[in-house]
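Structural characterization, general
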Amino acid sequence: MSSQFLLPAFDNPALSSQLSFRAALRALAEPGLIQTLPAVQPIAGLASATYALCLSLLDADTPVWLAPVFDSPVLRSNLGFHCGCPIVENREEALFAILDTRELGDLVGFDGGSERYPDQSCSLIVQLDALDSGECMRWQGPGIETERLVSLPLPPGFWAQRERRNQFPRGLDIFFSAGESLVGLPRSTRCKALAQEAS
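A brief report on the enclosed structure follows. Predicted model, so just to flag it, every value in this text is computed and none were measured.

Considerations on the pattern of salt bridges
Think of it this way: side chains of opposite charge can pair up when their charged atoms draw near. Taken as a whole, this structure holds 6 salt bridges when the rule is applied. Put simply, R76 and D71 hold a salt bridge, and the shortest N to O gap is 2.6 Å. Residue class for D71 comes out partly exposed when judged on its relative accessible area of 33%. Here E89 ties to R76 by a salt bridge, and the two come within 3.0 Å at their closest N and O atoms. Taken together, the positions of E89 in the loop between helix 3 (73-82) and strand 3 (96-100) and R76 in helix 3 put the pair 13 residues apart, joining distant regions of the chain.

What follows is the structure, encoded as structure tokens:
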């Protein structure tokens, strides 16, 4: 780890980390609702919300896989220093993965957990440019009273990939981040395009 790459993280690490962790829990408990995280300086291509999630969720027991666009000496050094998380080269070894939309057409390799230990699956942190302006989807399931309409700007093949990887209770929990905000998509949420319903 080179100290020349190290940059500041949260101004108030204890408080901001707790607030970020709670926002992440709320995001999965109330799928589709936008949550705001404490601001932190963007780093090495990571937006503020993406980095805040890393600082609050990652530790020495959470191996992380980085999409090539994010894999840099600066990010490796800062994640190692501030989080202590090991960076792994193989998707199969990761408990967390940091992705952008270019990776969403192929989710093969990320561990969906087992029937006995579904909680040991990999969680994805997907950085987007925004949390709206995409295809409108109807979300239903735990944490949603009736339904929630969500319009994440995701590539066309993502929903089919997610459906193939989700065999509840196995599956992938996903955080979508943009700017200082995030939206959670747990494996238990059912998603359907409004355009499909109209056809």
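Additional details are given in the paragraphs that follow.
Concerning the sheet that holds strand 8 (residues 181-185)
With mixed pairing, the 6 strands of this open sheet are ordered in space as 1-8-7-4-3-2. Here the strands that pair on one side only, and so sit at the sheet edges, are strand 1 (35-36) and strand 2 (64-66). Here strand 3 pairs with strand 4 (residues 123-127) via 5 bridges, running parallel. Within strand 4, the position partnered with D100 by the bridge is Q127. Lying on the sheet, helix 2 (residues 48-57) is in contact with strand 3, strand 4, strand 7 (173-178) and strand 8; it crosses strand 7 at an angle near 135°.

Regarding helix 2
Every α-helical turn comprises 3.6 residues, leaving residues that sit three or four positions apart pointing alike. Within helix 2, 10 of the 10 residues are buried, which leaves it mostly tucked inside the rest of the structure. Where helix 2 is buried, its residues touch helix 1 (13-29), helix 3, strand 3, strand 4, strand 7 and strand 8.

Reading the values: rules and limits
- Residues numbered from 1 in each chain as written.
- Predicted model: local features only at pLDDT ≥ 70, side-chain atom pairs only at ≥ 80, totals over all residues.
- Heavy atoms only, no water.
- Salt bridge = Lys/Arg side-chain N within 4 Å of Asp/Glu carboxyl O.
- Buried < 20%, exposed > 50% of the residue type's maximum accessible area, 1.4 Å probe, protein only.
- Helix = DSSP H or I, 4+ residues; strand = E, 2+ residues; numbered from the N terminus.
- Pairing = 2+ DSSP bridges.
- Contact = heavy atoms within 4.5 Å.
- Axes fitted to C-alpha atoms, helices over the stretch in contact; angles between N-to-C directions.

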